[in-house]
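Take a look at the letters that make up each chain.
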Amino acid sequence: MTAEFEVTLQEMVFGGDAIGRLPDGRAIFVPYGLPGEKVRVVITEEKQSFAKGRILEVLAPSPQRIQPRCPHFGDCGGCSYQNLAYADQIVVKQQIVAQQIKRLAGLGDFPVAPVVPSPDEWNYRNSIHFHLSRDGKLGFQRAASNQLIAIRECHLPSAGISALWPKLELDADSGIERVHLREGVEGDILLGLESAIDTPPDFTVDFPVSAVFSGPDTRYVLSGDEFVLMEVKERVFRVSVSSFFQANLAQAANMVDHVLTLAGDLKGKTVLDAYCGVGLFSAFLAGKAKRLVGIEVSESSCNDFAVNMDEFDNVELYIDKVENVLPALKLMPDLVVVDPPRAGLDKHVIDELVKTKPDKIIYVSCDPATLARDIKRFSEGGYELKSLTPFDQFPQTYHIETVALMSRIKA
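These numbers come from a predicted model, not from an experiment. (Residues numbered from 1 in each chain as written. Predicted model: local features only at pLDDT ≥ 70, side-chain atom pairs only at ≥ 80, totals over all residues. Heavy atoms only, no water.)

A. Structural context of the layout of surface pockets. Put simply, the second largest pocket is a space of about 320 Å³. Per-class residue counts for the lining of the second largest pocket are 7 nonpolar, 2 polar and 6 charged. (1 Å grid on protein atoms, 1.4 Å probe; cavity = no way out; pocket = protein on both sides within 12 Å on 5 of 7 lines; lining within 4 Å. Points joined across faces, edges and corners; volume = space filled by probe spheres on them. Nonpolar A, V, L, I, M, F, W, Y, C, P; charged D, E, K, R; others polar.)

In structure tokens, the structure reads:
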């Protein structure tokens with residue numbers, strides 16, 4: 001028989017769980033619980049030093065608990081905080097960033113700025129990925145599982161995507177495994193169909209949409225273009241189906257403004273934009289600097305970067321992993337901007353960046369745990385954390401973007 005316990009939850013932790021203590025003193029991580037609640041849980045996973053649980057009953061609910069908007073909340077793994085009002089969500093996210101910085105970077109008293117809230121709490125995503133079930137239904141992964149659940153509604157995608165995705169009909173034997181939708185300027189929609197085979201399915205639509213099929217070794221444009229145009233701060237970016245771009249454009253504009261403020265006067269200076277993607281930050285920094293050097297490993301993003309940065313004569317782009325490019329560059333930048341994937345920076349990247357001795361490093365992070373780890377490594381290399389500002393790119397979820405500024409300590 002699976003063990004059940006009554007637990008009082010203490011605080012939220014990164015990943016969307018609330019943490020409590022079992023009678024034997026072990027921590028238990030509980031999804032969809034809130035601090036202060038008394039809950040009856042069943043153990044779903046046990047380790048020597050901690051356990052994971054699932055709520056069977058909320059015995060004493062938090063006064064902050066609200067009714068989720070979506071009927072899939074608690075089953076779908078996409079949202080963690082729909083049971084909290086948005087004002088409470090951003091307080092939790094600030095606490096979590098501070099928690100990670102204290103625990104992993106050893107900076108217990110560092111003042112984390114208030115979270116910059118998203119301009120939109122709902123329908124903010126300009127891109128979204130669906131999985132395809134065996135019977136051809138669009139769905140998302142079930143929470144803490146590889147199982148899929150068919151989706152009747154979702155309140156995170158933009159209006160254009162929300163209007164289109166229920167119209168999609170895909171045969172169960174089409175070979176399609178994932179569906180990617182991205183909405184661009186003036187409501188243009190880009191549909192990406194991802195498959196484990198190289199043969200595209202029969203494709204017809206009776207509404208305007210660009211569609212691209214991607215197999216292991218092939219790519220076919222089925223209709224329209226293989227990219228969509230996105231707009232941030234009145235600047236238009238080409239973004240191809242395989243390229244990364246910020247999913248919350250209004251909040252991306254706020255992040256760009258913050259990065260420009262932190263960068264300060266760049267006249268006559270050299271900027272390194274590592275993990276530059278299609279050029280979101282480069283496009284606003286290049287016009288202010290003497291020289292801008294971008295590094296990006298994604299071929300798709302590099303192709304978009306070349307188009308998006310075509311107007312500048314002072315921009316260079318290197319196509320490879322950052323850890324491969326940096327040692328050969330022999331660059332001494334004044335400012336470094338890094339926007340790495342969730343895993344953070346490779347230790348060799350940090351070592352190389354420290355060698356280049358930039359006055360400032362602006363670190364844009366989508367994971368406060370790896371950010372805290374890397375801040376500690378930079379501090380060991382002679383850099384001091386100056387500011388830390390979280391931006392809520394993804395309301396209703398546990399995800400949080402953070403922009404950190406580090407300055408070189410001069411002897």
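Now, onward.
B. Local environment of the pattern of salt bridges. Inspection of the entire model under this criterion finds 21 salt bridges. Among the salt bridges present, the one from Arg238 reaches Asp304, with a minimum N-O distance of 2.7 Å. With a gap of 66 residues between them, Arg238 in strand S14 (residues 235-240) and Asp304 in helix H5 (residues 299-308) connect regions that are remote in the sequence. Comparing Arg238 with Asp304, the two get one shared label, buried. Salt bridges sharing partners connect three or more residues here, namely Glu4, Arg40 and Glu57. (Salt bridge = Lys/Arg side-chain N within 4 Å of Asp/Glu carboxyl O. Helix = DSSP H or I, 4+ residues; strand = E, 2+ residues; numbered from the N terminus. Buried < 20%, exposed > 50% of the residue type's maximum accessible area, 1.4 Å probe, protein only.)

C. Region of the structure containing the pairing of strand S19 (residues 360-365). In terms of residue burial, S19 counts as a mostly covered element, since 5 of its 6 residues are buried. As judged from the 4 bridges shared by strand S18 (residues 335-338) and S19, these two strands associate in the parallel manner. Looking at the pairing, Leu335 lines up with Lys360 of S19. Note that the unit made of S18, helix H7 (residues 347-356) and S19 has a crossover that is right-handed. As paired elements, S19 and strand S21 (residues 401-408) share 6 bridges and run antiparallel to each other. In the sheet register, Val364 faces S21, and the bridge partner there is Val403. (Pairing = 2+ DSSP bridges. Right-handed = clockwise from strand over helix to strand, strands pointing away.)

D. Representation of the nonpolar core within the structure. Grouped together as the largest cluster of nonpolar side chains are 40 residues, with contacts concentrated most on Phe237, Leu280, Leu285 and Ile362. Of all the elements in the fold, those that place two or more residues in this core are strand S13 (227-232), S14, helix H3 (249-263), helix H4 (282-285), S18, S19 and S21. Sort the elements by how many residues they give to this core and H3 lands first, with 8 residues. Setting aside its immediate chain neighbours within four residues, Leu285 contacts Leu260, Ala263, Leu266, Val271, Leu292 and Val337. (Core = buried A, V, L, I, M, F, W, Y, C linked by side-chain atoms within 4.5 Å. Contact = heavy atoms within 4.5 Å.)

E. Quick peek at the sheet that holds strand S6 (residues 127-132). A sheet is described by the order of its strands in space; here 7 strands give the open sequence S8-S7-S6-S9-S10-S11-S12, paired in mixed fashion. Each having just a single partner strand, strand S8 (148-150) and strand S12 (219-223) make up the two edges of the open sheet. If you compare each strand with its neighbour and ignore which way they point, the axes differ by 35° on average. In this structure, S6 lies alongside strand S9 (residues 176-183), joined through 5 bridges in antiparallel fashion. Among the inter-strand pairings, Ser127 is bridged to a residue of S9, identified as Arg182. (Axes fitted to C-alpha atoms, helices over the stretch in contact; angles between N-to-C directions.)

F. Layout of the sheet that holds strand S1 (residues 4-12). As summarised here, the arrangement of the 5 strands in space is S1-S2-S3-S5-S4, forming a closed barrel in which the pairing is mixed. Mean inter-strand twist for the sheet, computed between neighbouring axes without regard to direction, equals 50°. Where S1 meets strand S4 (residues 38-46), 5 bridges bridge the pair, whose relative direction is antiparallel. Bridging from a neighbouring strand, Glu4 pairs with Val42 of S4.

G. Here's a closer look at the packing of aromatic side chains. Throughout the structure, instances matching the rule amount to 9 aromatic pairs. Seen in terms of ring centroids, Phe130 and Phe140 are 4.9 Å apart; in terms of plane orientation they differ by 10°. Their pairing is stacked. Here Phe130, found in strand S6, pairs with Phe140, found in strand S7 (residues 138-141); they are 10 residues apart in sequence, far enough to count as distant. The same class applies to Phe130 as to Phe140, namely buried. Here Phe378 and Tyr383 contribute two aromatic rings whose centre-to-centre distance is 6.2 Å and whose plane-to-plane angle is 75°, an arrangement assigned as edge-to-face. Tyr383 shares its class with Phe378; the two are buried. A cation over an aromatic ring shows up here: Arg238 above the ring of Phe227, its NZ or CZ 5.0 Å from the ring centre. (Phe/Tyr/Trp six-rings, centres within 6.5 Å; stacked < 30°, edge-to-face > 60°. Lys NZ or Arg CZ within 6 Å of the ring centre and 35° of its normal.)

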